[in-house]
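A closer look at the structure
Listed below are the residues making up each chain.
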Amino acid sequence: MLKAFLGPLAITFPVALFVLDMQILWVYADDFIGKGIDTWIILKLMWYASARIVNQALPLAILVASIMAMGNLSEKNELTAMRSAGIPLITILKPLVVLMMFVSGGALWFSSSAWPSSNVKFRALLYSVTKQRPALNIKPGVFYTGIDGFAIRVEDKEIDGTLNNILIYDHRDPERQASLVIKAESGKMYNHQERDELVIELSNGFSYEDQKEQKIRRKERLHPHITSSFKHQILRINLRSLKFDMADENLFKKSYEMMSLPKLKEAIDSLHLQEENLRRELVEFGLKSITPFEDNLNFSNTDSSDLNAWLSTLSDKDKNTIIASSKDITRNQVRSIENYIDKIEGKELRRDRHSIEWHRKFILAISCLVLFFVGAPLGALIKKGGIGLPIVFALVIFLFYYIVSMVGEQMVKSGSLSPSLGMWLSTIILTPIASFLTYWAVKGGGRYIFKRAN
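The structure contained in this document is the topic of the report that follows.

About the cut-offs
- Residues numbered from 1 in each chain as written.
- Predicted model: local features only at pLDDT ≥ 70, side-chain atom pairs only at ≥ 80, totals over all residues.
- Heavy atoms only, no water.
- Helix = DSSP H or I, 4+ residues; strand = E, 2+ residues; numbered from the N terminus.
- Expected span 1.5 Å × (residues − 1).
- Buried < 20%, exposed > 50% of the residue type's maximum accessible area, 1.4 Å probe, protein only.
- Patch = residues over 30% accessible without salt bridge, like charges linked within 9 Å, V, L, I, M, F, W, Y side chains within 5 Å.
- Areas by Shrake-Rupley, 256 points an atom, 1.4 Å probe, with all protein chains shown as cover.
- Salt bridge = Lys/Arg side-chain N within 4 Å of Asp/Glu carboxyl O.

1. What about helix α3 (residues 39-52)?
Compared with the 20 Å implied by 1.5 Å per residue over 14 residues, the 20 Å span of α3 between its first and last C-alpha is a close match. Ile-41, Leu-45, Met-46, Tyr-48, Ala-49, Ser-50 and Ala-51 are the residues of α3 that are buried.

Okay, here's the thing in structure tokens:
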């Protein structure tokens, strides 16, 4: 049984990882192209991305492998022979159930320990790649701005590397607010490996440099400048801005996706406590600062004769001033209440996001068990092995599971469902299906529905 199951699992799991990795690669392909990033950097990024998508690849691989394994045994009548010998299906599946318990435990450890670490490294590396400047690739007729403080344009590039009609804008000195423009008929460009510099040898050209005018009004400026010509000039440009710099991983460790189960639990409790404190402060503010009062001058329903007498002594102007001041105070109090409510909702949102990630780590372990108990009896019922019908059934079931999971997660984010219900929605739906299929397979119900091809 273990041999029949581990063989398909060893094939489907890497395939699922590869397919999902290709999706990530296509999503971020525009951030990689044209930046001269080393192949090893791309491989590391895909490796960390693979760890991030284990929560999708592993349940899918287990579902496919269980259907294929039990389908192969049924198709070759090996399962029928074991059951004819008096061995119940549950006993036949016992080695695989024990294996799945270990797999689920390993998945829980992975989601709590290795997964957050991979997320941190993936985010840091992806941020570094996306912020990397394009590689030095100057195209004719197009300004190249990949080097800090420079814009370089050439009209034509010859086969031997000679550049014609070179135009260079030098903005390296922003404090002087002056620019240097260099134009040359021809030149050559090469990298100085020891100094990490771009060397441009220019021939037959001139330069134009603006001069800053201190403390002079714009209308009175004379725009002084220096113009010079040259037959041969060498321009050295530092290429450190084109180097790949790895971002600090500590910048990403505070995100909920980068936390282990204990840290997530601590963050959830802390956010819940902060939310309760804000609610208590809001109640205290209401008791101290808010008194119900009608927005008019009709005090006929009040018992305060002194107040009416005092108001009667005021002029209309003073009365309007008092009413306007009262309105301003009320508006300020309403804004304070709205600010408290926004803070409470923000804490609730952050708490729910942490709760989503906390539940997700357990879902990876439980989904492996649930999808196994969907796939194994289904394979025994359909009595088909190989990569045909089992793959079709597996993809349909997994798509249903994935869609329901996404719907539940989005409902949690929108506030329609609690994290404890929305994140487990797909598992709640699939568990009765798995129980029914297992019961049906144990009772041998497949022979009434699924017939072997003659």
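Having seen the structure, we can now continue with the description.
2. Looking at a nonpolar patch on the surface
Together, Ile-11, Val-15, Phe-18 and Val-19 give the surface a local cluster of nonpolar side chains, amounting to about 400 Å² of exposed area. With respect to the secondary-structure elements, Val-19 resides in helix α1 (residues 2-27).

3. Regarding the pattern of salt bridges
Counting across every chain of the model gives nine salt bridges. Between Glu-275 and Arg-279 there is a salt bridge whose closest N-O contact spans 2.9 Å. Pair noted here: Glu-275 and Arg-279 are both in helix α7 (residues 261-289), with a separation of four residues, about one helical turn. Relative accessible area serves as the criterion here: at 3%, Glu-275 is assigned to the buried category. The residue Arg-351 makes a salt bridge to Glu-275 at a minimum N-O spacing of 2.7 Å. In this pair, Arg-351 is assigned in helix α9 (residues 316-382) and Glu-275 in helix α7, connecting sequence segments 76 residues apart. Each member of the pair, Arg-351 as well as Glu-275, is classed as buried.

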